[in-house]
Amino acid sequence: MDLATLLSRHEGKTLEFKRDLSSPEGVLKALVAFANTSGGVLLLGVEDGTKKVRGIRDVLTEEERLANLISDSISPKLIPNMEVMPWRKTQVLAVEIYPSGSRPHHLIRLGPTEGVFVRVGSTNRRADSFLIDQMRRYTEVSSFDEQPMPNLNSEAIDFRAASEFFKPIRKLTEHGLQTLKVTTSYQGRIVPTIGGVLLFGVARLNHFPDAWIQAGRFAGRDRRRILDSIEVRSHLPGAVEDVIAFLRKHMSREAVIGPVKRTDLWTFPIVAIREAIINAIVHADYAQHGSSIRVALYDDRLEIENPGLLIFGLTIEDIKKSVSKLRNRVLGRVFQELGLVEHWGSGIQRMTAACRDRGLDAPQFEEIGTHFRVTLFAKRRHAPAIDKKDQIILTTLAASSEAGLSTSQIAKRLRVSPRSARTRLASLVERGLVAEIGSGPQDPRRRYYPASDAR
């Protein structure tokens, strides 16, 4: 721990300042919240508003007092890393807490229900019963959507709808549903899992009334006046394109006329929108009640918000570095099988790259209340960028024959997966740098050409 570096930061999910131990319960709540969420550092002897270093007069006595408070007041036991750090003519006590494998921790005085706290931004929030259950599942290495629904039978899954989604990939069988954990064996019977009902449930909304997407177009930059809205209640794998279709109706677009076809450049990169919606669906906390996934389009930005904080142990800084932990394993497994996601954690980078390539600001990621929000900004800040791999694609296409090149040919040239190549090609098409001919993204005869090539 470097004190100068810590003092240069603002209080947040993994950092808190406390002037002293005059109010020990606030300190203990912060330590419990750190342990239950993503870990963190508490600096004792620093004012939380001004970051002025007051120091601690008898730091060794305070260190012993705090160690006793932690031992006597928190259950299960926490073992913090405590360090006395010199600062000019005084000293500060740093307490480092790691993400715990024994969640949920609680304050003994308040009990295991009222004494559980989590970190939301720079605040310590009391966890509700759903968050407490989620912590226990995380400790048991089980996800919410893998749990069986024993009151239902296999008929609760719309097998025909599931088969249609998988048709371009493979023939889906009853055994395939079990392999994907859409269904599971429970006391000698085949029953659906929570994830199976969320994905392909015949009566999904009867069991999970908030498992749908609300999208709206608002006038101006706030929610005072709504121009149009839609409730997307289709099967979750198909909901992505339904939301994008709604947004296309309301986003402005610039038509770039090329020699092969017209290319529409939308306000926001479709690649970034798709990744944000997929992430919201796959990482939403469906155990929460009273809130659906929300997509809000304003004049200057697009917000995609899902119920559920980042999964325990993750920070916003982590996800920007492609560190990923999957909340809903069944949803993630199916979306990956369907080709809707590639490598976990890479979606954030694809979103950021797509915005950068269009000259837009990077997306903003926030935890708000018990929700997670992604914001895409409409204002172009600089000229669209072309990186090394984009340049390889453009050079390869320029040297290609009149037949153009397929996605797999370009993927082989870049040494990346076909989906990664499709993402880059879609971005180049959006920017009017590459032209495409084909009936859809999965068309095996789809070909790409230089936009400047007058074929």
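Everything below is about the structure shown above.
Residues numbered from 1 in each chain as written. Predicted model: local features only at pLDDT ≥ 70, side-chain atom pairs only at ≥ 80, totals over all residues. Heavy atoms only, no water.

Peer 1: What should I look at first to understand the sheet that holds strand β1 (residues 15-18) in this one?
Peer 2: Taken together, four strands build an open sheet; the order of strands is β1-β2-β5-β4 and the sheet is mixed. Single-partner strands in this sheet number two, and they are β1 and β4 (81-87). Adjacent strand axes in the sheet meet at a mean angle of 20 degrees when their direction is disregarded. Sheet strands touched by helix α2 (residues 24-36): β1, β2 (40-44) and β5 (90-97). Its angle to β2, the strand with the most contacts, is close to 165 degrees. (Pairing = 2+ DSSP bridges. Helix = DSSP H or I, 4+ residues; strand = E, 2+ residues; numbered from the N terminus. Axes fitted to C-alpha atoms, helices over the stretch in contact; angles between N-to-C directions. Contact = heavy atoms within 4.5 Å.)

Peer 1: Before we go on, may I ask you to explain the packing of aromatic side chains in this structure?
Peer 2: For any pair of aromatic rings, geometry is given as the distance between the ring centres together with the angle between the planes. Inspection of every chain in the model, using the stated rule, returns four aromatic pairs. Taking the centre distance of 6.4 Å and the plane angle of 85 degrees together, the rings of Phe144 and Phe208 count as edge-to-face. Residue Phe144 is located in the loop between α5 (129-139) and α6 (159-166), and its partner Phe208 is located in the loop between α9 (204-207) and β11 (213-218); the two are separated by 64 residues in the primary sequence. The exposure class of Phe144 is buried, given its relative accessible area of 12%. Phe208 gets classed as buried once you look at its relative accessible area, which sits at 11%. Consider the rings of Phe218 and Tyr298, whose centres lie 5.3 Å apart with planes at 20 degrees: the pair is stacked. Placement of Phe218 in strand β11 and of Tyr298 in the loop between β15 (293-297) and β16 (301-307) is noted, with a sequence separation of 80 residues between them. Residue classification places Phe218 among the buried positions, given a relative accessible area of 9%. With relative accessibility at 4%, the residue Tyr298 sits in the buried group. (Phe/Tyr/Trp six-rings, centres within 6.5 Å; stacked < 30°, edge-to-face > 60°. Buried < 20%, exposed > 50% of the residue type's maximum accessible area, 1.4 Å probe, protein only.)

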